[in-house]
Amino acid sequence: MSTRTPLTVGFIGLGHMGGPMAANLVKAGHRVRGYDLVAESLKTAVAAGVEPAASAADAAAGADVVITMLPAGRHVLALYQDEGLLAAAAPGTLFIDCSTIDVADARAAHEAAVEAGHLALDAPVSGGVTGAEAGALTFMAGGGEAEFTRAEPLLAAMGKKSVHCGGPGAGQAAKICNNMILGISMIAVGEAFVLGESLGLSHQALFDVASTSSGQCWALTSNCPVPGPVPASPANRDYRPGFAAPLMAKDLGLAADALRASGIGSAFGIEAAKRYAEYAAGAGAAEDFSGIIRMIRQQNERNETAS
């Protein structure tokens, strides 16, 4: 599969992430036939050069590769098994699922695809909407080496880096582990800024110290949760996502489920999942995940009042 070889790609799920990803495939010279249940999402994708399909099965028919970007594992499995997506594709079609789903669901989807005579790869992404629009995503892939090699040119058109993490489900495992690190880090950074505020330390001073010393991390230097130090961070746009808090809550929930199933006692991972679930269910429903600092600050203020 050469980067110069135009492919026919069926793309199902053209929302905030899938739409820009499909558009970048079109820019790379591929023919993309797309479908989404939301008419407005499909309309936006069509404006970017995606050909509209009448259904998910219609998008898969005649495609060399089928890419899915869906909310949860149950949607992927239903589409594969119950809604005829696998049956609609020609034998040997490569199915790439870029959704973030449970590892067990990813393995079940892989098995279903293989049993139907196809190839499969789970390839969740990191980078958010900004990365999807810029073609700067990181793909974490699980599946066979041959499948990964075949998918690489398409992944390169949508992202800046692709990592083959291992067998089926390994991409999903890498994604939830990575986002557990990120979620815990953002809470720690938020708590540090709230502590600094209570001690009379300016945001800029704390940033200047921590960003160039041992407290340095992506949550601080790229997605700083307070306005000012990092002009491009969502904090300067009233926490407009970015990477939305409900998505972080979802990913941390998957990580927490995996921790419990594995019998690993990760107090920080479990606590981060609880705190993001609370935030996403309230004020954070439409905010970037870095906005959790506001919940931290409010809880601190309530504690001070109570004492």
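The model shown is predicted, which means the values in this text are computed figures rather than measured ones.

Caption draft 1: Expanded view of the packing of helix α9 (residues 170-198) against helix α14 (residues 292-306). Where α9 meets α14, the axes come as close as 9 Å, and the angle between the chain directions of the two elements is 45°. Here α14 runs oblique to α9, going by the angle between their axes. Like other packed secondary-structure pairs, α9 and α14 cross with a definite hand, here right-handed. On α14, the residues touching Met 186, Ile 187, Gly 190, Glu 191, Phe 193, Val 194 and Glu 197 of α9 are Ile 292, Ile 293, Ile 296, Arg 297 and Asn 300.

Caption draft 2: Seen up close, the environment of Ser 55. Counting through the fold element by element, Ser 55 comes out in the loop between β3 (51-52) and α3 (56-60). Owing to a relative accessible area of 27%, Ser 55 belongs among the partly exposed residues under this scheme. Along the backbone, Ser 55 and Leu 70 are 15 residues apart, and their C-alpha atoms lie at a distance of 15 Å.

Caption draft 3: Quick peek at the UniProt feature "domain: 3-hydroxyisobutyrate dehydrogenase-like NAD-binding" (unreviewed entry) in the chain. Residues annotated in UniProt with the feature "domain: 3-hydroxyisobutyrate dehydrogenase-like NAD-binding" (unreviewed entry) correspond here to residues 169-296. Counted over residues 169-296, helix gives 62% and strand 0%. Its end C-alpha atoms are 34 Å apart.

Caption draft 4: Just the state of the cysteines, in detail. One pass over the full model with this rule turns up zero disulfides. Cysteine Cys 98 is unpaired, with the sulfur of Cys 165 as its nearest cysteine sulfur at 13 Å. You can see Cys 177 has no disulfide; the closest cysteine sulfur is in Cys 165, sitting 9.9 Å from it.

Reading the values: the criteria
Residues numbered from 1 in each chain as written. Predicted model: local features only at pLDDT ≥ 70, side-chain atom pairs only at ≥ 80, totals over all residues. Heavy atoms only, no water. Axes fitted to C-alpha atoms, helices over the stretch in contact; angles between N-to-C directions. Helix = DSSP H or I, 4+ residues; strand = E, 2+ residues; numbered from the N terminus. Parallel < 35°, antiparallel > 145°, perpendicular 65-115°, else oblique. Left-handed = near helix turned anticlockwise from the far one by under 90°. Contact = heavy atoms within 4.5 Å. Buried < 20%, exposed > 50% of the residue type's maximum accessible area, 1.4 Å probe, protein only. UniProt positions renumbered as here; feature names shortened; annotations may be inferred. Disulfide = S-S within 2.5 Å.

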